[in-house]
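# Summary of the model geometry
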Amino acid sequence: MAHVWGGIIREYLDRMPFDEGDRIVSLGEGGTPLVHAPSISSEVGAEVFVKVEGMNPTGSFKDRGMTSAITQVVKDGDHTVVCASTGNTSASAAAYAAHAGLRCVVMIPQGKIAAGKMAQAIVHGADLVQVDGNFDECLDIVRELSENYPIALVNSVNPYRLQGQKTGAFEIVDQLGDAPDIHMLPVGNAGNISAYWMGFTEYAEAGIASRTPRIWGVQAAGAAPFVAGHPIKDPETVATAIRIGKPASWDLAINARDESGGWIRAVSDEQILHAQARLAADVGVFVEPASAAPIAGLLAAAALGEVPRGATITCTVTGNGLKDTATALGGREVEPTVIPVDVEAAAAALGL
Ligand code: F0G
C-alpha cells in the first residue's frame with residue numbers, strides 16, 4: 001500500500017520534541033517535492049534542485065514550524081497565539097490556530113504584505129492588526145505582549161518553530177540519499193537558516209548523512225543586515241517577506257554560516273525578479289519574490305566563477321508565487337486576445 005504522508009511531526013517523531021500520545025495539530029505539511037532545475041544546472045555547471053516549500057498547506061515553509069509550535073501551545077493549554085509577520089507566518093499561524101480552535105492575533109507592517117497572505121489571515125479568522133511600522137517593530141510589540149499577557153508567541157524565536165523547520169533539511173537528505181554540497185536559502189528573520197543547519201547537523205551526527213553542506217544564505221540588498229554586519233533601520237525590498245532589518249536569530253544564523261563554511265550575501269531587487277521569472281518560465285515552479293533570492297544568489301555566484309563544478313546544490317524556495325501575483329505580473333501585459341466562439345478564429349489567433 002502507498003505510504004500516506006502524516007505531516008512532519010508524525011513522519012519524524014523520533015527527532016521531534018513530542019510523543020506518540022500528544023495531540024498533534026497538523027494539516028499534512030512537509031513531504032514537499034525536490035525538483036531538478038536543468039537549465040539553471042547547465043548555466044551554473046552544477047546539479048541544482050529546488051525544494052518547493054510553496055506546496056505546503058498554506059503555501060510556505062512556515063507550516064513545518066507552525067505544526068510544531070501550535071502542537072506545543074495546545075499541550076501547554078494556552079488559548080491564544082500571537083505573531084508578527086511579513087505575511088507567511090501570519091497565514092500559517094491563522095490556519096493552524098483555526099484547526100486547533102485557538103484565537104490567533106497577528107501584527108503586520110501596514111501596506112507591506114502581499115494580498116494573498118492578507119487574505120489567508122482574514123479567511124482563517126485571525127484578529128489582524130496593522131502597525132504603522134516595519135516587521136522588526138511588530139516583533140518588538142508581540143514579544144512584549146507575550147511577556148505581559150497570557151498569549152503564546154509563535155514567531156521563530158519560539159524554539160518549537162525551528163524544531164519543525166529543521167525537517168526541511170531531513171527531507172532533502174532523504175530525497176537525495178545524502179546531504180548536498182551546498183544548500184541555499186533566503187534569509188530574513190534568520191529562523192530558517194538556523195533550523196536547516198540544525199537539521200543537517202543532526203542527520204550528519206546520526207550518520208544518516210555522510211557530511212553537512214555549506215550554507216549559502218541570500219538577502220535582499222535593501223534588507224541585508226548580515227552583509228552589513230549590523231541591523232538595518234529602514235529595510236526596503238520588493239521581496240516583502242524578507243523586508244527585515246533586525247533578525248531575531250542573529251547568532252544562530254552567523255553560526256550556521258561560519259560552522260558550515262558558507263556565506264550570506266545580497267542580491268538586488270532586479271536580480272530577484274529576474275530569478276523569479278526564470279524559475280517560473282524554465283523550471284515550471286512559481287515562487288514568491290523572497291523565494292527567488294537564493295536562485296539570484298546562485299546565478300551571481302556562478303557569474304563570479306564561484307560555483308564548484310558538478311556540485312549538488314539545493315535551494316529552498318520558501319513560498320508560493322500565487323500569494324503575490326501583482327508583483328510577479330508587475331508591468332506585464334496581462335490582457336490575452338479576445339476571440340469569438342469559433343475554431344477558425346482560435347487558429348488564426350494562434351498563428352496556426
Ligand atoms: N521566504 C519567505 C517566503 C518568508 O516568508 C520568509 C520569512 C523568509 C523567506 C525568511 O525566513 O525569516 O526564517 O529567515 N517570513 C517571515 C514571516 C518573517 O513573517 O512570514 P526567515
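Figured I'd write up the structure that's included with this text. It should be emphasised that the depicted structure is a prediction, and the values quoted were computed from it without experimental measurement. (Residues numbered from 1 in each chain as written. Predicted model: local features only at pLDDT ≥ 70, side-chain atom pairs only at ≥ 80, totals over all residues. Heavy atoms only, no water.)

## A word on the overall build of the protein chain
Heads up, the rule is: Helix and strand assignments follow DSSP, with helices taken as H or I runs no shorter than four residues and strands as E runs no shorter than two, numbered in order from the N terminus. Atoms counted for the radius of gyration: C-alpha only. Globule rule: 2.2 Å times residue count to the power 0.38. Note on contacts: a residue pair is in contact if any heavy atoms of the two residues lie within 4.5 Å. The convention is simple: Lys and Arg are positive, Asp and Glu are negative, and His and the chain ends are not counted. Taken as the charge centre is NZ of Lys, CZ of Arg, CG of Asp or CD of Glu, depending on the residue.
Along its length, the protein chain carries 15 helices and ten strands. Taken over the C-alpha trace, the protein chain has a radius of gyration of 20 Å; the compact-globule value for 352 residues is 20 Å, and the two agree within 12%. Each of the three principal axes of the protein chain carries a C-alpha extent, and together these read 65 × 55 × 50 Å. Counting contacts in the protein chain only where the partners sit at least 6 residues apart, residues at least 24 apart contribute 72% of the total. Each charge class in the protein chain was averaged separately, 24 positive and 40 negative side chains, and the resulting centres sit 3 Å apart.

## With respect to the layout of surface pockets
Threshold: Points on a 1 Å grid over protein atoms alone make up a cavity when a 1.4 Å probe fits among them but cannot get out, and a pocket when they form an open set with protein on both sides within 12 Å along at least five of seven lines; lining residues each have an atom within 4 Å of a point. Grid points are joined across faces, edges and corners, and a volume is the space filled by probe spheres set on the points. Each residue gets one of three labels, nonpolar for Ala, Val, Leu, Ile, Met, Phe, Trp, Tyr, Cys and Pro, charged for Asp, Glu, Lys and Arg, and polar for the others, Gly among them.
Considered as a void within the structure, the largest pocket measures approximately 160 Å³ in volume. Around the largest pocket, the lining residues are Leu273, Gln276, Ala277, Ala280, Phe286, Thr327, Ala328, Leu329, Gly330 and Arg332. Taken together, the elements giving at least two residues each to the lining of the largest pocket come down to helix H12 (269-283) and helix H14 (325-329). Element by element, the count of residues in the lining of the largest pocket is highest for H12, at four residues. Of the residues assigned to the lining of the largest pocket, the class counts are six nonpolar, three polar and one charged.

## Some thoughts on the nonpolar core
As a reminder, the rule being used: Side-chain atoms within 4.5 Å are what join buried Ala, Val, Leu, Ile, Met, Phe, Trp, Tyr and Cys residues into a set we call a nonpolar core. The cut-offs for exposure are 20% and 50% of the maximum accessible area for each residue type, with area from a 1.4 Å probe on protein chains only; residues under the lower value are buried, those over the upper are exposed, and the others partly exposed.
Grouped together as the largest cluster of nonpolar side chains are 36 residues, with contacts concentrated most on Ile40, Met184, Ile295, Leu298 and Ile313. Counting residues per element, the ones that place at least two in this core are helix H2 (38-44), strand E2 (47-52), strand E7 (182-186), strand E8 (214-220), strand E9 (263-267), H12, helix H13 (289-303) and strand E10 (312-317). Among the elements that line this core, the one with the most residues is H13, at eight residues. If sequence neighbours within four positions are ignored, Leu298 has contacts with Ile40, Val44, Val48, Met184, Val307, Ile313 and Cys315. Core analysis: the second largest hydrophobic core is formed by 28 residues, Ala169, Ala179, Val187 and Ala256 among them.

## Here we look at the site of the ligand
The condition that has to hold: Note on definitions. A residue lies near a molecule or strand when any single heavy atom of the residue is within 4 Å of it. N or O atoms closer than or at 3.5 Å make up a polar contact, with two conditions inside protein: a donor-capable atom paired with an acceptor-capable one, and, for residues adjacent in sequence, both atoms drawn from side chains. Note that accessible areas follow from Shrake-Rupley with a 1.4 Å probe, and for residues the cover is restricted to the protein chains shown. A pocket or cavity is taken to hold a molecule when more than half of that molecule's atoms are within 2 Å of the pocket's grid points.
Near the ligand there are 21 residues, and of these Ser85, Asn189, Ala190, Asn192 and Thr318 occur at the shortest range. A distance of 2.8 Å is found between an oxygen atom of the ligand and a backbone nitrogen or oxygen belonging to Thr89. Ala190 is positioned such that a nitrogen or oxygen atom in its backbone is 2.7 Å from an oxygen atom of the ligand. Coverage of the ligand by the protein chains reaches 99% of its 480 Å² of free accessible surface. More than half of the atoms of the ligand fall within 2 Å of the grid points belonging to the largest cavity. Secondary structure elements with two or more residues in the shell around the ligand: helix H4 (88-100), helix H9 (191-205) and H13.

## Concerning the sheet that holds strand E6 (residues 152-153)
To be explicit about the condition: DSSP-based pairing: two strands are paired if at least 2 bridges between them are found.
Taken in spatial order, the four strands make up an open sheet running E5-E4-E3-E6, and their pairing is parallel. Of all strands in the sheet, those bounded by a partner on one side alone are strand E5 (127-131) and E6. Here five bridges tie strand E4 (residues 103-109) to E5, and the two strands are oriented parallel to one another. What sits directly across from Val105, in E5, is Asp127.

## A closer look at helix H8 (residues 167-176)
When you tally the buried positions in H8, you get seven out of ten residues, the bulk of the element. Immediately downstream of H8, the backbone of Gly177 shows phi near 90°, a positive value.

## So, the pattern of salt bridges
Convention followed: Salt bridge, as used here, is a side-chain nitrogen of Lys or Arg placed within 4 Å of a carboxyl oxygen of Asp or Glu.
The full count for this structure, using the stated rule, is 16 salt bridges. Between Arg64 and Glu171 there is a salt bridge, with the nearest N and O atoms lying 2.8 Å from each other. Placement of Arg64 in helix H3 (residues 62-76) and of Glu171 in helix H8 is noted, with a sequence separation of 107 residues between them. In this structure Glu171 comes out as buried when scored by relative accessible area, which is 3%. For Glu306, the salt bridge is made with Arg265, and the minimal N-O distance between the two is 2.7 Å. Pair noted here: Glu306 is in the loop between H13 and E10 and Arg265 is in strand E9, with a separation of 41 residues, a long-range link. Residue Glu306 is classed as partly exposed on the basis of its relative accessible area of 34%. Arg265 gets classed as partly exposed once you look at its relative accessible area, which sits at 30%.

## Considering the sheet that holds E2
Rules: Every axis corresponds to a line fitted to the C-alpha atoms, with the helix fit spanning only the stretch in contact, and the corresponding angles, defined between N-to-C directions, vary from 0 to 180 degrees.
The strand order across the open sheet formed by six strands is E1-E2-E10-E7-E8-E9, and the pairing between neighbours is mixed. Each edge of the sheet is formed by a strand with only one pairing partner; in this case those strands are strand E1 (34-36) and E9. Within the sheet, the average angular offset between the axes of one strand and its neighbour, ignoring direction, is 25°. Bridge count between E8 and E9: five bridges; the pairing is parallel. Residue Val218 lies in a different strand from E9, and its bridge partner there is Arg265. Seen against the sheet, H8 touches E1, E2, E7 and E10 and runs at an angle of roughly 135° to E2.

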